[in-house]
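Architecture at a glance
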Amino acid sequence: MNRRRAHEEEDGYERLHRKRRRVSENQEIEDRLESLILRVGEKSSSSLESNLEGLASVLEADLSTFRVKILRILTECAIRMPEKCTIYATLVGLLNAKNYNFGGEFVDYIVKTFKENLKTGKWNAARYCLRFISDLVNCHVLAASSLLTLLETLVDCANEDGVPQVRRDWFVFAVLSTLPWVGRELYEKKESQLDHLLVTIEVFLNKRSKKHWPALKVWSADSPHLQEEYLDCLWAQIKKLRQDNWSEKHIPRPYLAFDSILCEALQHTLPTIQPPPHNDGDTYPMPRVIFRMFDYTDCPDGPVLPGAHSIERFLIEEHLHNIIEAYHLERKECAAQLLCFPYKAKIPLEYCIVEVMFAELFNLPTPRYLEICYGSILIELCKLQPSTMPQVLAQATEILFMRIDTMNIACFDRLVNWFSYHISNFQYRWSWEDWEGCAQLDPEHPKPRFIREVLGKCLRLSYHQRIKDMTPESLSAFVPLKPEPIYKYSMEGAGKKKQYYF
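Throughout, a residue's number is its position along its own chain's written sequence, starting from 1. Local features in this predicted model are restricted to residues of pLDDT 70 or higher, and side-chain atom pairs are both shown and tallied only at a pLDDT of 80 or more, whereas totals for entire chains, interfaces and linings draw on every residue. Only hydrogens and water are set aside; all other atoms, that is, all heavy atoms of the structure, feed into the side-chain values.

1. A closer look at the packing of aromatic side chains
Our working rule: Geometry of aromatic contacts follows a simple scheme: Phe, Tyr and Trp rings, the Trp one being its six-membered ring, pair when their centres are within 6.5 Å, and the pair is stacked under 30 degrees between planes, edge-to-face over 60, tilted otherwise. Think of it this way: any DSSP run of H or I at least four residues long counts as a helix, any run of E at least two long counts as a strand, and we number them from the N terminus. Type-normalised accessible area, obtained with a 1.4 Å probe on protein chains alone, sets the label of each residue: buried when under 20%, exposed when over 50%, and partly exposed for intermediate values. Two conditions define a charge located above a ring, namely a distance within 6 Å from the ring centre to NZ of Lys or CZ of Arg, and an angle within 35 degrees of the ring normal.
All chains considered together, the criterion is met by 23 aromatic pairs. The interplanar angle of 85° and the centroid separation of 5.0 Å between the aromatic rings of F294 and Y351 together place this pair among those described as edge-to-face. Pair noted here: F294 is in the loop between helix 12 (259–262) and helix 13 (311–327) and Y351 is in helix 15 (residues 349–361), with a separation of 57 residues, a long-range link. Side by side, F294 and Y351 carry an identical accessibility label, which is buried. Where F358 meets F362, the ring centres are 5.6 Å apart and the plane angle is 20°; that geometry is what we call stacked. Take F358 and F362: they sit in the same class, and that class is buried. Over the aromatic face of W181 sits the side chain of R131, whose NZ or CZ is 3.9 Å from the ring centroid. Taking NZ or CZ as reference, R403 lies 3.7 Å from the ring centre of W219, over its face.

Right under this line is the structure:
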């Protein structure tokens, strides 16, 4: 009896041990799959095409056991790393060509995620979901007609009555920002339907109110660069892309290498997707004005800066904004990621980064993050790229100073705070002599006022003699008075007794 009980206990222990070992092995495999999916597209000794082909074979072999895990990881990667959207779309296309059922399950999963993001107000995630769904058309996972039906449904939401304009704006922006990825495919397969969609968008934009536009402009004057409202600017960029037959030079398209495999795959259709209705508690992304500081004449050396209405400008700026969003809490990592921009050989990267950083800083009514966040990242950029970044930043400062007469007062204050903080980290070195002419202007003119406020802020970060020594004699009138302590008990009349009358 005792021997039997001991044998049963030992057998139970063995079963538990085997179960734990199996769970541990499964966890290791899941972690390995997640690591492989996350890292695909990074620098490797092998080509991206061979890595995608190998990863597709690995994932197909594990579909029976880790299907749900693979669905979740692929979807999360596509949303959290939108710059790698086409890579993950190609991977899904290869899996769909090998396993049609998995392709259908993935379409259902990404649609479910898209609906959930719309319902919970995760607008950026929803927009990246829509982009990924659109890119699946390029990989022959989805039918083009099915996607156009979805895009038409979303644009119809822009014509709803009794809803805030920001809601209607978002749906149009989501559709327009998707077209650079899939516009060429829709143009080749469903040209008339695509034209009808664009006409509907144009009608909406022509009727749309832009009362917010003047309040969000950094400068009250539109010279030398027009300050466009964000939807108007994107629409102009899409029209330019359309004139260029929907061809751009910035989006990587690895699925082109697998065209012979993907074109033989069976395609899926999207289920009916109806966006959730508006609720009074919903919060939508706010409108903004596109900040422009440079054009191609400002960066004569090296690659040419894309034009303001080229779609490449939109794609570059969106990518840089996403890097700032992802790494803004780690200034050194953020600066490193910005300088490691994957297409830096094709663009004047330093100019693009500086323009995007000031666009964030001057965003009205408030910047996304603390002002010091942008100041600290710019300092790290100067340290990492000392041969070019300080010169570009100095050039940007001069441009801002020249246009300061018409600058919004809130942006004026942010510029004062940033500039004083920046030069305090570089021993207050600046070509102050270039601003000597400001001494002849009215003291309340924006330029002398800017110098005076900058020196006042510098005084708080240093001491009076240091500020006095760094300032040229011609600007000495702008140096703040030396702070002196006030001893109230040594002042005249301080020793007299107070008389009280009752």
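The discussion continues.
2. Some remarks on the UniProt feature "domain: MIF4G" (unreviewed entry) in the chain
Quick note on the threshold: UniProt positions are given in the numbering used here, feature names are shortened, and annotations may be inferred rather than shown by experiment.
UniProt tags residues 30–242 as "domain: MIF4G" (unreviewed entry). Taken end to end, residues 30–242 is 77% helix and 0% strand, and its two terminal C-alpha atoms sit 43 Å from one another.

3. Some words on the nonpolar core
Cut-off, in case you're wondering: To qualify as a nonpolar core, a set must consist of buried Ala, Val, Leu, Ile, Met, Phe, Trp, Tyr and Cys residues joined through side-chain atoms within 4.5 Å. The contact definition used throughout considers only heavy atoms, calling two residues in contact when any of these lie within 4.5 Å.
Judged by nonpolar contacts, the single largest core of 90 residues is most densely connected at L74, F114 and F132. Here this core gets 13 residues from one element, more than from any other, and that element is helix 2 (residues 48–80). Excluding anything up to four places from it in sequence, F114 contacts A126, C129, L130, I133, L150, L154 and I273. Core analysis: the next-biggest nonpolar cluster, separate from the first, contains 71 residues, L216, F341, F362 and M470 among them.

4. Notes on the environment of H212
Heads up, the condition is: Between N or O atoms, a polar contact is any pair within 3.5 Å; within protein, one atom must be a potential hydrogen donor and the other a potential acceptor, and residues adjacent in sequence are included only when both atoms are from side chains.
Inspection of the secondary structure assignment puts H212 in the loop between helix 9 (191–207) and helix 10 (213–216). Judged by its relative accessible area of 19%, H212 is buried. Taking the C-alpha atoms as reference points, H212 and W246, separated by 34 residues in sequence, lie 31 Å from one another. Excluding anything up to four places from it in sequence, H212 contacts Q165, E229 and P287. A distance of 2.8 Å separates the side chain of H212 from the side chain of E229, its partner in a polar contact.

5. Quick word on helix 19 (residues 446–461)
Keep this limit in mind: Multiplying 1.5 Å by the helix residue count minus one yields the expected span of that helix.
With 16 residues, helix 19 should reach 22 Å at 1.5 Å per residue; the first-to-last C-alpha distance of 22 Å fits that figure. Looking only at helix 19, the buried set comprises K447, P448, F450, I451, V454, L455, C458 and L459. Where helix 19 is buried, its residues meet helix 17 (389–402), helix 18 (409–424) and helix 20 (464–470).

6. Brief notes about the confidence of the model for the chain
Which entries qualify depends on this criterion: Residue-level confidence of the predictor is what pLDDT reports, using numbers from 0 through 100.
For the chain, mean pLDDT is 90; residues scoring 70 or higher make up 93% of the total. The low-confidence segment residues 3–10, where pLDDT is below 50, has zero contacts with residues more than four positions distant or belonging to other chains.

7. Some words on unusual backbone geometry
Cis peptide bonds are those with omega within 30 degrees of zero, and the linkage from S223 to P224 qualifies with 5°. Residue placement: P224 occurs in the loop between helix 10 and helix 11 (230–243). Put simply, L364 and P365 share a cis peptide bond, and its omega is 5°. In this fold, P365 is placed in the loop between helix 15 and helix 16 (371–384). Unusually for a residue other than glycine, H140 sits at a positive phi of about 60°. Along the polypeptide, H140 turns up in the loop between helix 5 (123–138) and helix 6 (144–156). In this structure H140 comes out as buried when scored by relative accessible area, which is 13%. Phi at Q427 takes a positive value of approximately 60°, unusual for a residue other than glycine. With respect to the helices, strands and loops of the structure, Q427 is situated in the loop between helix 18 and helix 19. Residue classification places Q427 among the exposed positions, given a relative accessible area of 54%.

8. Things to note about the pattern of salt bridges
Convention followed: In what follows, salt bridge is the name for a side-chain nitrogen of Lys or Arg lying within 4 Å of a carboxyl oxygen of Asp or Glu.
What the rule picks out here adds up to 24 salt bridges. Among the salt bridges present, the one from R208 reaches D169, with a minimum N-O distance of 2.8 Å. One end of the pair, R208, is in the loop between helix 9 and helix 10; the other, D169, is in helix 7 (residues 165–176), and 39 residues separate them in sequence. A single burial state applies to R208 and to D169, both of which are buried. The partner of K189 in a salt bridge is E185, with the nearest N and O atoms 2.7 Å apart. With K189 and E185 both in helix 8 (residues 179–189) and four residues apart, this pair spans about one turn of that helix. Under the relative-accessibility criterion, E185 is labelled buried at 13%.

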